[in-house]
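Commentary on secondary and tertiary structure
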Amino acid sequence: MATALMLSAKLFAVGAFISSHALRKPGTDLDFRGTIVFDVESFPIVAPRTKEDDIRTKTTGPSKKSIELKEAFYEALMAEDRHSNTAPVKQALDELSKSYKLDARTSEYNDGDWMLETRPTFPGLLGYNEDGDALFTMGKLTYNMIYPTNLMCSVQKMTQHIHKMNKDPQNIDPRTGRVMLPPYIPKSLQHELLQDASQLRSVRNDVHFTVEENGVQGVLQMDGFTIPNPNEVNKYSIWFTGGRCYSLNNDKSEIKNWRSVFGTDQPKFNKLEQVQLWMAKRLMGAEPSKGIQRDGSLTYVMKKPVGGHRQAYQQVLYLDDKIRVTVGNKGTIVVVSRMDEEDVL
């Protein structure tokens, strides 16, 4: 009970702090800051599984029927201008999710570089600019960790990069041969990872944005980790530990404009905002940006990340070598497509 109350307090503090500054456009959410919110209980996410379904291995790909339904779903999504909350898209996704009988936790397709296909609609969306790009405040995009929080930004694209930690020798402890654990892990997952971190993956979400006021372009980078839920099919737990904001262009004129926007002093908060920030710091170990650094970037840290198998997760509805469809713990449906190597930063 005490744990539940503490989690509720954390989520309330963060939610309250986030809601104190707003601005946005049709588009995304935490699950990968990603798309449309559904009533999870009323949406048939996954068809009932059999024992035969659960013992399929990673060498088994989606069935021919699933592939056909995937194409129909994708066509419906594009026809609806990438809005996933419309009736045609929901119907197509219902059929697709029912046909997917595999366990994505064993799939070789999880890792890689992905591009968001659905409209970003996370909380704080303010609308769209003339180019159809979603509008948000910097505060909403960064949980008020990057200043100035009231800066109006448009989002051009969002990407996600997932890579298994044990595939990179730099993540291996030479003394033990085991994966080195990240410094910040949700308490409920620490024991599990101490026992076995072989399935631990890094997650990096990049939001490419433009400051509406002067056209300065940048990238908001969110860093985190994910592990498969050992007890539930197709589920991955996910948590974020910090982020970085940096200029997309490095020529002198752009850097000068960038510094004129982000090189300002920290804003003065009212009493309510001060309390909310204090709670975020105390309960989540939040350390907002202390200002622009020598290289022009801004960073923040979450030393007590919220996470756990029942608290922050993605459930895979469909996965193959081309696309991935997931629903998050908040009911957000996210569709991503695999990026070409030349498009990866």
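An account of the accompanying structure is given in this report. (Residues numbered from 1 in each chain as written. Predicted model: local features only at pLDDT ≥ 70, side-chain atom pairs only at ≥ 80, totals over all residues. Heavy atoms only, no water.)

**Some thoughts on the environment of Thr264**
The topology assignment puts Thr264 in the loop between helix H7 (252-262) and helix H8 (271-284). Placed 28 residues apart in sequence, Thr264 and Ile292 show a C-alpha to C-alpha distance of 8.2 Å. (Helix = DSSP H or I, 4+ residues; strand = E, 2+ residues; numbered from the N terminus.)

**Here we look at the packing of helix H3 (residues 64-79) against helix H4 (residues 87-99)**
At their nearest, the axes of H3 and H4 sit 9 Å apart, and the two run at 160 degrees to each other. Classed by the angle they form, the pair H3 and H4 counts as roughly antiparallel. Judged by the sense of rotation from one axis to the other, the crossing of H3 with H4 is left-handed. Residues Ser66, Leu69, Lys70, Ala72, Phe73, Ala76 and Leu77 of H3 form the contact with H4, whose participating residues are Pro88, Val89, Ala92, Leu93, Glu95, Leu96 and Ser99. A breakdown of the residues in the contact of H3 with H4 according to their chemical character gives 10 nonpolar, 2 polar and 2 charged. (Axes fitted to C-alpha atoms, helices over the stretch in contact; angles between N-to-C directions. Parallel < 35°, antiparallel > 145°, perpendicular 65-115°, else oblique. Left-handed = near helix turned anticlockwise from the far one by under 90°. Contact = heavy atoms within 4.5 Å. Nonpolar A, V, L, I, M, F, W, Y, C, P; charged D, E, K, R; others polar.)

**Focus: H4**
The terminal C-alpha atoms of H4 lie 19 Å apart, and with 13 residues this matches the ideal 18 Å at 1.5 Å per residue to within 8%. Among all positions in H4, only Val89, Ala92, Leu93, Asp94, Leu96, Ser97 and Ser99 are buried. Buried positions along H4 lie against H3, strand S11 (313-319), strand S12 (323-328) and strand S13 (332-338). (Expected span 1.5 Å × (residues − 1). Buried < 20%, exposed > 50% of the residue type's maximum accessible area, 1.4 Å probe, protein only.)

**Focus on the pairing of S12**
Taken residue by residue, a regular strand's side chains alternate between the two faces of the sheet. Most of S12 is tucked away: 6 of the 6 residues are buried. Burial along S12 is two-sided: Ile323, Val325 and Val327 and Arg324, Thr326 and Gly328, pointing in opposite directions, are all buried. Taken together, S11 and the strand that follows it, S12, pair antiparallel across an intervening segment of 3 residues. Two elements, S12 and S13, share 5 bridges in a ladder whose sense is antiparallel. When the bridges of S13 are listed, Val325 appears paired with Val335. Joining the antiparallel neighbours S12 and S13 is a turn of 3 residues, in which Gly331 adopts a positive phi near 90 degrees. (Pairing = 2+ DSSP bridges.)

**A few points about the nonpolar core**
Formed by 60 residues in total, the largest nonpolar core has its most connected members in Phe73, Met138, Phe209, Cys245, Phe262 and Val325. Not counting residues within four places of it along the chain, the set of residues in contact with Cys245 comprises Ile146, Phe209, Val219, Leu220, Trp258, Phe262, Gly296, Ser297 and Leu298. (Core = buried A, V, L, I, M, F, W, Y, C linked by side-chain atoms within 4.5 Å.)

**Topic: unusual backbone geometry**
A cis geometry characterises the amide bond from Tyr147 onward to Pro148, with omega recorded as 0 degrees. Relative to the helices and strands, Pro148 is located in the loop between helix H5 (138-141) and strand S5 (152-164). Phi at Asn144 is positive, roughly 60 degrees, even though this residue is not glycine. Structurally, Asn144 is set in the loop between H5 and S5. Here Asn234, not a glycine, exhibits a phi torsion of approximately 65 degrees, which is positive. Mapped onto the fold, Asn234 is located in the loop between strand S7 (217-228) and strand S8 (235-247).

**Observations regarding the packing of aromatic side chains**
This structure, assessed with the given rule, holds 4 aromatic pairs. An angle of 40 degrees between the planes, with centres 4.4 Å apart, marks the rings of Trp258 and Phe262 as tilted. Of this pair, Trp258 and Phe262 both sit in helix H7, separated by 4 residues, roughly a single helical turn. Just as Trp258 is buried, Phe262 falls in that class too. Chaining the aromatic ring pairs together yields one cluster made of Phe209, Trp258 and Phe262. The ring of Tyr313 is capped by Lys235, whose NZ or CZ atom sits 4.3 Å from the centre of that ring. Over the face of the ring belonging to Trp114 we find Arg324, whose NZ or CZ atom lies 5.0 Å from the ring centre. (Phe/Tyr/Trp six-rings, centres within 6.5 Å; stacked < 30°, edge-to-face > 60°. Lys NZ or Arg CZ within 6 Å of the ring centre and 35° of its normal.)

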